[in-house]
Amino acid sequence: MKFAILVFPGSNCDHDAYHAAKHVFEQEAKFVWHKEERLGDADVVIIPGGFSYGDYLRAGAIARFSPVMKDVIRFANEGGLVLGVCNGFQVLCEAGLLPGALMRNASLRFACKDVHLRVENNATPFTSEAQIRQVLNIPIAHGEGNYEADEATLDELERENRIVFRYCDASGNATSESNPNGSARNIAGIINAEGNVMGMMPHPERCVESILGHGSEDGAVIFRSLVEHVDSAVVA
Amino acid sequence: MPVSLSDSPPRSLSGEPEVNLELALEHGLTEEEYGWVLDKLGRTPTFTELGIYSVMWSEHCSYKNSIAVIKTLPRDGEALLVGAGEENAGLVDIGDGLAVAFKIESHNHPSAVEPYQGAATGVGGIQRDIFTMGARPIASLNSLRFGSLDNPRVRYLFDGVVRGIGDYGNSFGVPTVGGEVYFDTSYEGNPLVNAMSVGIVKVGETASAIAEGVGNPVFIVGSATGRDGIHGATFASEEISEASEAKRPSVQVGDPFTEKLLLEASLEVIGSGAVVGIQDMGAAGLTCSSCEMSEKGDCGMVIHVDRVPIREEGMTPYEILLSESQERMLVVVEKGKEPIIEAIFKKWDLHVEEIGVVTDDGRVSVLWHGEEVANVPAEHLVLGGGAPVYIRETERPNYLDNVQSFTSDNIPDVVNGGSALKQLLGSPNIASKQWVFEQYDTMVRTNTVAGPGPTDAAVIRVKGTNKGLAVKTDCNGRYVYLNPRKGGQIAVAEAARNVVCAGGQPVAITNCLNFGNPYKPEVYWVFKEAVGGMGDACRAFNTPVTGGNVSFYNESPEGAVFPTPTIGMLGVVEDVDAHTTTSAFKAEDDSIFLLSPAGWTAKGGIEGSEYLSTVFGQTNGDAPHLDLDEEKSVHTAMLELIRQGHVESAHDVSDGGLAVCLAECCIHNKLGADVRLEQLEDFRLDALLFGEAQSRIVFSARPEANLFSKLADIVTSAGAQIRPIGTVGGASLRVQVGDTTVLNEAIEDLEIPYRSAIPEAMGEAVASI
C-alpha cells in the first residue's frame, strides 16, 4: 500500500512518519510538498506533526489554505483514509474535516512524555488491530493539544462512537490526573462521521521500534490496522 | 560592480558622529587598540569602520584574552576532520563514512536580561553553526545555571529560559536529549545558558566558511535584517550591572520557523554543488561573516549593504553591518550558478540577495549606494590574524587557602542517613529535572534511544548504521571554585564517565568556558588553572578539544559566578542496540556492584559535596579526590563489562555521593535494593554515604554462576576493582554498614522529594508519582 506524507515547510515529524511507513512496516511511502496541487497515487494520507507554517497565529490555521490541502479534502470526501497526528490533527480541525479545536494545554506549557490511551473504538480502519478498551502507551509532544468542542458536538461524538482514544491511567481509567492537557472528556483522538479521517494528538510513529525511548511499540497497532485494511480491500 | 575606490579613502556619512578616541572608548576599544587601528589604516576610521573594529575586537569575537590559554588544550586526534577553530564547529569521523559536527556555545548575557529570547536565540545560533557545515542537526543539549529558586527573579529567568529553549527547539524539530541544570546563589544575577548541537554529515560533503574565487558572487540569504542585536557581541563582553536592563535591544529575537526553512534550504544548496563557502551570521552579523570568510580564503569582498533586505526603514550601513538579526547566512556561490541558489531559497520562501563579490585584495570594502563607507583589511580584524592577543596578569585568589583548609571536625557526623538522603534528593541540584525536560521535545526524529531521565548520557542512534552517539554536558562549578585545576579535570572526567556508563567510548569534547572578568588577576588565574585541568584530563582520555566558546564577564554586582567550564562530551556507541545502558535498576534479584579504582572504594570526606552545601550551607573544602589514571582504568573496565554483555544498569557516583546514586538507581523503576557496605577504618558515615570521591560507578548484573569471578577478571585486567554490594529488590532502599542499618527508606518516600522539589519551587502541582 502507499502512504503519502504531507510536507509543510514547518513539518518536523514528516521524516518520522516516512521512516515508520517505509522502513519499519515496509510499505511504499512518499513525501508530498505543500505547494503541490495533487496528492497523486495514495491509499493513506498522513498529515504529520510539526509547526506547519510556524503556527505563530494558531496551530494549523494557515496550513488549511495550502494548495495540497484542497486535494486532501477532495481525497477525504471521496473516502480516502487521512490520518492527522499532532499538528496534523490541528490542521484537520482547522480545515473542517474534523469538528472542534485544539487549544493551549491547560498547564500553558509544552508537554512531551509518554501517556496512556484507551482504545474506545476499534471498528475503524485505523484501530481494527487493537482490542476494545486496550491501553496503549504512546508519547505526546505538543503545546496545543487541549481538545475543545461545544457540548452538543461532544455529545454527538460520544453517541456516534467517534471518540477513538481517551487519555487514561495505566489501568485504563480516564481520570483527570491522566489527562495531560485538559482535553474535554479526556479526548485524545476522534474520527469523522464517515469513518475515514482520524486525528490524534499522540504520536504513534514515535513508538514502533522497541530500541527507542522507553521501549513501547504500541504505535504499531495503527500502522498495522491501516495496512490490514487497505490490503484486505485490495484482495476483496 | 563599481570600481574600487581605494585611491580616495572611505568616508563617514553625513550625520554620523565624528570618530575620535572618546567615541572609540565608548565603543569598548582601549586607547592602545584604537592606536593600532589608526596605525593600520593610516587614517581616522569612518564611523562604520569603528563599529566593525569594535565588534571584531570585542572579547566575544576576538577571544583576545583567552586564545593564548585555549591554545594549550590538546586539539589533535586521528578522528578529527577539522581542527579546533578552523570551522564553525568541530568535525569528528565516526566511521561508516559519517562525521559528527558538534559545538557548545553560551548565550548568558542576553538570557540575563531577556530569558526567553536570549535562550531561544542561543539554541538557534548553535544550530546554524552545525548546518552551515552541511551537517543536519540531530540532537540538542544544554547546560543551565541559575541562582536560588527562592528568589522570584530567578524563577522568572528559569521559566523563561526553559520556555525559550523549548519553543525554539520544538518548532525547529531537533530533539533536546540531555542537559544539566544547577542552582547556586553565585549565579543569582548572571545565569548561564549554554546550548549544544550535534549534527551528522557524510564525510566529504561538508561545507566550509570560506570566500574564494575572484569574481564569485556573495549572497545574503534567510531573514531580512533588522535593528535587533546591534552590539550584542559588545554587550556580551562586559559585566552585567544595573544598567544592563537598558541593553535589552541588544538581545536578538528568534524565529524557529525561518530557521527550519533556512536549515532545509542551506542543506539543499550545499548539496547542489553551487556553494563555494557558507557561514552563518551570529555575533557581529554581516561584519564577522564577511571578514572571517575573506581572511580564511586569503581574499577580499566588496559588499553593497544597500542591497541587504531590511526589516525597517532608515537603517544605516553601520546598523546593517552590526545587526545580529537571526536566521541569516552569507554564501559565496560559484559564478554562473546564481540561478541554482535563487531557485532553492525561493522554494523555501526565503530572501536571497546578491550583495557583493569576491576580490583579491584582502580587504572588505563596504559600499552604500555606491559610496564607500568602510575599507578594512580582513586579516587585521580576525582572531588568528591581527586581532589583539593578551596574556593577562594572574594572581592566586586568597579564598582558596580558606576553603582548602576546611576540615569536617566541627561538622557532626550524620545520624539519620535516611533523612539526610531525602533532604539531598529534594535539593534542586539533585532532584528530578522532569519539570524541565518535559517542556522539550525529546523524541522528534525518532532516534532517541536514551533521552533525559534515568541515563548518565543521552544516546542517539545513527540511522543506517549500528552505531549510536552518547552525548553529555557536564560541569560542577563548585569543584572548580574550590580547586580550579582539579575541578577542570573533574568536569572532563565526569562527562567521560557518563558517556561510558551509557555504553559509549568518549572521543572528543567541545567546551564553553564561563568565567568572570578576565581583567581581574584572580579570575584569570582560576581560568588558566581550570583550562589546564581540562587539558590534563583530555590528554589522559584521548578526547581532544574540537572547539567551543569562551564567555567572560559573567559577573553581577554581587561578584563572579562559580567558574564553570562546561564540557560537551561526544562518545560513540559501537552497537547501539546491545551496548546502550541506562542508570535505573532493571529487575528483582539483580546483583549490585561498586566499580572503583583498585585500592579504594571510598576516599576523603564530605569536602566540596552537595551534602555539605545542602545540609550545612557551606561551599567549603577541596574538590573531591580524582586521579586521572585511576579514572581511565574505571572507564576501560566499565566499557568492557558493557561490551561483554554483563551490565543491566550503570550510574556514576557524583553529586550526593553513593547514597544518592543508589536512590536514583532505585527510583525510576520503583525497585528497592538491599545494600551492605564495608565499615572502613576511621571513616565517617557522612563521607561513606555522601562523599563525592570520583571514579566510581554502581552497576547491576543478572545473577549467574560465577558472576563475580567473571566480572572481576575483566575489571582487574583493566586495573580497577569491583565489590559486590547488594541485591535489587523490595520496596525500600536499605543500606547496612557492617551489621548496622544506617538507612532504610521506602522508595516512595525517596521519590516524593525527588519528584516534587522543582515543581513545588515553581509553584506548580506535582505530576502524579
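Residues numbered from 1 in each chain as written. Chains lettered and ligands numbered in written order. Predicted model: local features only at pLDDT ≥ 70, side-chain atom pairs only at ≥ 80, totals over all residues. Heavy atoms only, no water.

Student: Describe the overall build of chain A, listing the residues and the values that go with them.
Tutor: A count of helical and extended segments in chain A gives five helices and 11 strands. Computed over C-alpha atoms, the radius of gyration of chain A comes to 16 Å, within 12% of the 18 Å expected from 2.2 N^0.38 for 236 residues, which places it in the range of a compact globule. C-alpha extents for chain A along the principal axes are approximately 45 × 40 × 35 Å. Per-residue burial over chain A gives 61% buried out of 236 residues. Partitioning the intrachain contacts of chain A with sequence separation of at least 6 by distance along the chain shows that 75% fall at a separation of at least 24. With the model as given, the accessible surface of chain A reaches about 8900 Å², and the carbon-plus-sulfur share is 48%. Between the centroid of the 20 positive side chains of chain A and the centroid of its 32 negative side chains there is a distance of 4 Å. (Helix = DSSP H or I, 4+ residues; strand = E, 2+ residues; numbered from the N terminus. Rg over C-alpha atoms; globule rule 2.2 N^0.38 Å. Buried < 20%, exposed > 50% of the residue type's maximum accessible area, 1.4 Å probe, protein only. Contact = heavy atoms within 4.5 Å. Areas by Shrake-Rupley, 256 points an atom, 1.4 Å probe, with all protein chains shown as cover. Lys, Arg positive; Asp, Glu negative; His and termini not counted. Charge placed at Lys NZ, Arg CZ, Asp CG, Glu CD.)

Student: Would you mind going over the sheet that holds strand 1 (residues 2-7) of chain A in detail, with residue names and values included?
Tutor: All names here are of chain A. Sheet architecture is open: nine strands sit in the order 2-1-3-4-11-10-9-6-7, paired in mixed fashion. Every other strand in the sheet has two partners, leaving strand 2 (28-33) and strand 7 (135-142) as the edge strands with one partner each. Shown here is a sheet whose adjacent strand axes are inclined to one another by a mean of 25°, direction ignored. The pairing of strand 1 with strand 2 spans six bridges and is parallel. (Pairing = 2+ DSSP bridges. Axes fitted to C-alpha atoms, helices over the stretch in contact; angles between N-to-C directions.)

Student: Explain the pairing of strand 10 (residues 187-191) of chain A to me, using residue names and the numbers behind them.
Tutor: Residues and elements named next belong to chain A. Burial analysis of strand 10 places five of its five residues in the buried class, which makes it a mostly covered element. Looking at chain direction, strand 10 and strand 11 (residues 197-200) are connected through three bridges and run antiparallel. The partner of Ile-191 across the bridge, within strand 11, is Met-198. Between the antiparallel neighbours strand 10 and strand 11 lie five residues, among them Gly-195 with a positive phi of about 80°.

Student: Give a description of the packing of helix 20 (residues 521-541) of chain B against helix 23 (residues 628-643) of chain B that names residues and reports values.
Tutor: Residues and elements named next belong to chain B. Contact geometry for helix 20 and helix 23: axes closest at 10 Å, N-to-C directions at 40°. Put simply, helix 20 runs oblique to helix 23. For the pair helix 20 and helix 23, the sense of crossing is right-handed. Contacts from Asp-536, Ala-537, Ala-540 and Phe-541 in helix 20 reach Leu-628, Glu-631, Lys-632 and His-635 in helix 23. (Parallel < 35°, antiparallel > 145°, perpendicular 65-115°, else oblique. Left-handed = near helix turned anticlockwise from the far one by under 90°.)

Student: Give me the nonpolar core: which residues, what numbers.
Tutor: Leu6(A), Ile47(A), Phe165(A) and Phe345(B) are the most contacted members of the largest nonpolar core, which totals 101 residues. For Phe345(B), the residues in contact, after removing those within four places along its chain, are Val221(B), Leu262(B), Ala265(B), Ser266(B), Val269(B), Leu350(B), His351(B) and Val352(B). (Core = buried A, V, L, I, M, F, W, Y, C linked by side-chain atoms within 4.5 Å.)

Student: Can you tell me about the pairing of strand 4 (residues 136-146) of chain B, naming the residues and giving the values?
Tutor: In summary, the side chains of a regular strand alternate between the two faces of the sheet. In terms of burial, strand 4 of chain B is largely enclosed, as 11 of its 11 residues are buried. Crossover connection from strand 4 of chain B via helix 8 (residues 152-172) of chain B to parallel strand 5 (residues 176-183) of chain B: handedness right-handed. (Right-handed = clockwise from strand over helix to strand, strands pointing away.)

Student: Would you mind going over the side chain of Thr543(B) in detail, with residue names and values included?
Tutor: All names here are of chain B. Relative to the elements of secondary structure, Thr-543 occurs in the loop between helix 20 and strand 18 (545-551). Classification of Thr-543 by relative accessible area gives buried; the value is 0%. Here Thr-543 is in contact with Val-492, Pro-506, Val-507, Ala-508, Ile-509, Cys-538 and Met-569, once residues within four sequence places are set aside.

Student: So what's going on with the side chain of Ser596(B)? Which residues, and what values?
Tutor: Residue and element names in this part refer to chain B. Positionally, Ser-596 belongs in strand 22 (residues 591-597). We classify Ser-596 as buried; its relative accessible area is 0%. There is a polar contact of 2.8 Å between the side chain of Ser-596 and the backbone oxygen of Trp-600. If we skip the residues at most four places from it in the chain, Ser-596 touches Thr-601, Val-634, Ser-695, Arg-696, Ala-720 and Gln-721. (Polar contact = N/O pair within 3.5 Å; in protein donor to acceptor, adjacent residues only side chain to side chain.)

Student: Break down the pattern of salt bridges for me, citing the residues and quoting the values.
Tutor: Residue and element names in this part refer to chain B. With the rule as written, the count across this model stands at 54 salt bridges over all chains. Measuring nitrogen to oxygen at the nearest pair gives 3.8 Å for the salt bridge that ties Glu-648 to Arg-702. Of the two residues, Glu-648 sits in the loop between helix 23 and strand 23 (649-652) while Arg-702 sits in the loop between strand 25 (697-701) and helix 26 (707-717), which places them 54 residues apart along the sequence. Look at Arg-702 and you get partly exposed, because its relative accessible area is 44%. In this structure, Arg-755 engages Glu-751 in a salt bridge whose closest nitrogen and oxygen atoms are separated by 3.0 Å. In this pair, Arg-755 and Glu-751 are both assigned in helix 27 (residues 747-761), four residues apart and thus about one turn of the helix distant. (Salt bridge = Lys/Arg side-chain N within 4 Å of Asp/Glu carboxyl O.)

Student: Which residues make up the packing of aromatic side chains, and what are the values?
Tutor: Remark: the centre distance and the inter-plane angle together describe each pair of aromatic rings, the angle taken between the planes. As enumerated under the stated definition, the model contains 24 aromatic pairs over all chains in all. When the ring of Phe527(B) is compared with that of Phe552(B), the centres are 5.0 Å apart and the planes differ by 70°; the resulting orientation is edge-to-face. Separated by 25 residues along the polypeptide, Phe527(B) in helix 20 and Phe552(B) in the loop between strand 18 and strand 19 (555-556) bring together distant segments of the chain. Seen in terms of ring centroids, Phe593(B) and Phe708(B) are 6.5 Å apart; in terms of plane orientation they differ by 20°. Their pairing is stacked. Residue Phe593(B) is located in strand 22, and its partner Phe708(B) is located in helix 26; the two are separated by 115 residues in the primary sequence. Overall, Phe593(B) belongs to the buried group, its relative accessible area being 3%. Each residue in the set Trp36(B), Tyr53(B), Trp57(B) and Tyr390(B) is aromatic and connected to the rest through ring pairs, giving one cluster. Lying over the aromatic face of Trp33(A), Lys347(B) brings its terminal NZ or CZ to 5.2 Å of the ring centre. (Phe/Tyr/Trp six-rings, centres within 6.5 Å; stacked < 30°, edge-to-face > 60°. Lys NZ or Arg CZ within 6 Å of the ring centre and 35° of its normal.)

Student: Could you give an account of helix 4 (residues 151-159) of chain A, naming the residues involved and the relevant values?
Tutor: Residue and element names in this part refer to chain A. Residues of helix 4 that are buried include every one of Thr-153, Leu-154 and Leu-157, and no others. The buried residues of helix 4 occupy an angular sector of 100° when the element is viewed end-on, so they sit on one face. Relative to its buried face, helix 4 has exposed residues pointing more than 90 degrees away, namely Glu-151, Ala-152 and Arg-159. Packed against the buried residues of helix 4 are strand 8 (146-148), strand 9 (163-168) and strand 10. One or two positions beyond helix 4, positive phi appears at Asn-161, with a value near 60°. (Arc of directions from axis to C-beta.)

Student: Account for the confidence of the model for chain B, naming residues and giving values.
Tutor: Residue and element names in this part refer to chain B. Per-residue pLDDT for chain B has a mean of 94; in total, 97% of the residues score no lower than 70. This stretch, residues 1-5, has a pLDDT under 50; its non-local contacts, to residues over four places away or in other chains, come to 10 contacts. Two summary scores accompany this predicted model of the complex, namely pTM at 0.95 and ipTM at 0.96. (pLDDT = per-residue confidence, 0-100.)

Student: Mind laying out helix 2 (residues 31-41) of chain B, listing which residues take part and the relevant values?
Tutor: In an α-helix, one turn spans 3.6 residues; hence positions three or four apart end up facing the same way. Residues and elements named next belong to chain B. Of all the residues in helix 2, the buried ones are Glu-33, Tyr-34, Val-37 and Leu-41. Down the axis, helix 2 shows its buried residues gathered within 100° of arc, on one side only. Exposed positions of helix 2 whose direction lies more than 90 degrees from the buried face are Glu-31 and Asp-39. On the buried face of helix 2, the contacting elements are helix 1 (21-26), helix 3 (47-56), strand 12 (363-368) and strand 13 (371-377).

Student: So, the environment of Leu263(B): which residues are in play, and what are the values?
Tutor: All names here are of chain B. Residue placement: Leu-263 occurs in helix 10 (residues 256-271). For Leu-263, a relative accessible area of 3% translates into the label buried. Taking the C-alpha atoms as reference, Leu-263 lies 13 Å from Ala-207; in sequence the two are 56 residues apart. For Leu-263, the contacting residues outside a window of four places in its chain are Phe-131, Arg-136, Pro-137 and Phe-172.

Student: An account of the sheet that holds strand 28 (residues 740-746) of chain B is needed here, citing residue identities and associated values.
Tutor: Residues and elements named next belong to chain B. Taken together, seven strands build an open sheet; the order of strands is 23-25-22-26-24-27-28 and the sheet is mixed. The sheet is open, and its two edges are formed by strand 23 and strand 28, each paired on a single side. Pairs of neighbouring strands in the sheet enclose a mean axial angle of 20°, with direction left out of account. In this structure, strand 27 (residues 732-737) lies alongside strand 28, joined through six bridges in antiparallel fashion. Across the sheet, the residue bridging to Val-737 is Thr-740, located in strand 28. Strands strand 27 and strand 28 of the sheet are contacted by helix 16 (residues 417-425), whose axis makes an angle of about 45° with strand 28. Those strands touched by helix 27 are strand 27 and strand 28, and its axis lies near 65° from that of strand 28.

Student: Describe the interface of chain A and chain B, and please don't skip the residues or the numbers.
Tutor: On the chain B side, the residues contacting the 31 residues of chain A number 33 residues. Inspection of the chain A/chain B interface yields five salt bridges. Arg109(A) is the partner of Asp159(B) in a salt bridge, and the nearest nitrogen-oxygen pair spans 2.7 Å. Applying the counting criterion to the chain A and chain B interface returns 16 residue pairs in polar contact (both at pLDDT 80 or more). At the level of secondary structure, the elements contributing two or more residues to the side of chain A that touches chain B comprise helix 1 (14-24), strand 6 (111-119) and strand 7 of chain A. Among the elements that take part in the side of chain A that touches chain B, strand 6 of chain A stands out by supplying four residues, more than any other.

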